[in-house]
Every structure is written in structure tokens, then in C-alpha cells.
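What follows is the residue order along each chain.
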Amino acid sequence: KINRYIEKNKLDRYSKEVNQKADNEKKDEEEDEDNQEGDVKPKGQVTQINRTNKNLRSYKILLSILNFHIGNYMESYNNSVEFIDGDNQPVIYYILGVLKQQRKEYNSSIAFLNLAINEGFDSYDAYLNRALSKGYEKSYKSANYDLDTCIMIKNDYYPYYLKAINENYLLDYASAIEDLNTAIEKNDTSANSYNYRGIVYANLKKYPFAISDFKNAISLDYNTQFAHNNLGIAYEKNGELEKAIEE
């Protein structure tokens, strides 16, 4: 199962910016009211309505971020969709992009993540999630461009692992092995990395290498998805039928 990371610090920063923006708007409007004469009272009433609407908008943006943080994705989605044609809040585009991905609406996810990145939410998570959605849409090369950007932002093992998956689909096995080697160097406790390197070795018909990697994956996490099945197939392909049956 592919994890989806949430960059809490960046979301928290946008929460603070929304609060600050609301405070500044409130001060500006109070100054406008102080400068108004008695014969323009209706304008003050309009200002009060505008202030209420802006405060409500800021509250709903914060509510959307909070719900996203704690996993109430449907509530976060409902709060967020109100701002599609309104306030250009990059964090809202990001949230909608991730939520659309979870709903398996990958093209829509990519569109919202494009907006988030173009409007300034150009974070590791934004590029990572856009890469994931592109991968689901089989745009493997484009996904790897985003993963390269992730690596420049934070040289973590996970983008290398995802790049290798895309390269395997592109039949670029040499690059997949290279990226999985890097992923394992950076995190040698990732069962998924060993399992997927085993898959690539099996595609290359290097079954002894594949068997070793599948066994490593199982030793790290006995419940690694498909690892037991992969190991059994590799044993069979390698002529070890008894072991294949046992597995």
C-alpha cells in the first residue's frame, strides 16, 4: 500500500497566514468605520456584512485544514469545495488534490495539485501526490519528473522506490534496479523496496536474486503484500518446486 504523506508544518503555516489575514482585514475595516460620517451608515452595515463573510470564509478554511489533519476527509472536502471559484488559497487546492486522489479521481487530483503548486504550495508533498496521481494515470515519465523534484527537496528513500515502480512499468529494468538499490541504501528496513526489487529481478529472470529479496522482505515484514506469492513463483521458475509448494 502506498503511503500518502501530509506535510504538517506547511499546512500549519498556511493556517497561521489565514488567521493573520483575517486579523488584518478586521483592523482595516474597523478603521474604515471610524472614518465614516453619520450620513453613510448603510455603508457601515455593508462593511459589517463583508466582515462577517470574510471571517466565515477564514473559519471554514481553517476547519478544512483541521479536518484534513485528523482524517475527516469528507468534512474537509465539503469545506474546501466552496473555495474553488473564490479565494485562491493554495492549501485548499492541495487538500482537494489529495482528496480527489483518495476518491480515485486522478485527473481531477492532478488539476488541483497543478493549481496548488502554481499558486505557491510547491512542497515535497504536493509533488509527491501529483506523481502518485500521474502514476495511477500511467503517465510514468511525467510522474518521475515530479519524483526527481521531491528528491531535490528531501533526499528520502520513498521517491526512489516510486520511481522504480514507474521504471518497471516502462520496462527500464536497469534504472529500476539502480533506484531500488538507492532506496534500500537510504532505508534498509523497507520491506516494500526489497519486494519490488525482487519483482524486477524476476522480470530479468534473475531468480536467485529475486528469491533473496523476497525472503528479505518477508523477514522484515511477514505480511508484505504479495511477497509470499512472489517467492513461490520465483522458486518455481528457479526449478525449486518443493519450496514453491511449501510457500
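As a reminder, the structure under discussion sits directly above these lines.
Just so you know, these numbers come straight off a predicted model, no measurement behind them.

Attention now goes to the packing of helix 4 (residues 90-102) against helix 5 (residues 106-118). Taken N-terminus to C-terminus, the directions of helix 4 and helix 5 make an angle of 160°; their axes are 7 Å apart at the nearest point. In terms of their interaxial angle, helix 4 and helix 5 are classed as roughly antiparallel. Remark: the crossing between helix 4 and helix 5 carries left-handed chirality. On helix 5, the residues that touch P90, Y93, Y94, L96, G97, K100 and Q101 of helix 4 are Y106, S108, S109, F112, L113, L115 and A116. Of the residues assigned to the contact of helix 4 with helix 5, the class counts are 9 nonpolar, 4 polar and 1 charged.

Oppositely charged side chains can form a pair if their charged atoms are brought close together. Following the criterion strictly, the structure yields 8 salt bridges and no others. Here R103 ties to E105 by a salt bridge, and the two come within 3.2 Å at their closest N and O atoms. You can call R103 partly exposed: its relative accessible area is 38%. Shared partners join several salt bridges into a network, and the residues in it are K100, R103 and E105.

Trans peptide bonds make up the majority, and among non-glycine residues the majority have a negative phi. With phi around 65°, K138 is a residue other than glycine that occupies positive phi space. Its place among the elements puts K138 in the loop between helix 6 (124-136) and helix 7 (140-153). Unusually for a residue other than glycine, K205 sits at a positive phi of about 65°. The topology assignment puts K205 in the loop between helix 10 (191-203) and helix 11 (207-220). Taking the relative accessible area as the measure of exposure, K205 reaches 61% and is therefore exposed.

Rules and cut-offs
- Residues numbered from 1 in each chain as written.
- Predicted model: local features only at pLDDT ≥ 70, side-chain atom pairs only at ≥ 80, totals over all residues.
- Heavy atoms only, no water.
- Axes fitted to C-alpha atoms, helices over the stretch in contact; angles between N-to-C directions.
- Helix = DSSP H or I, 4+ residues; strand = E, 2+ residues; numbered from the N terminus.
- Parallel < 35°, antiparallel > 145°, perpendicular 65-115°, else oblique.
- Left-handed = near helix turned anticlockwise from the far one by under 90°.
- Contact = heavy atoms within 4.5 Å.
- Nonpolar A, V, L, I, M, F, W, Y, C, P; charged D, E, K, R; others polar.
- Salt bridge = Lys/Arg side-chain N within 4 Å of Asp/Glu carboxyl O.
- Buried < 20%, exposed > 50% of the residue type's maximum accessible area, 1.4 Å probe, protein only.

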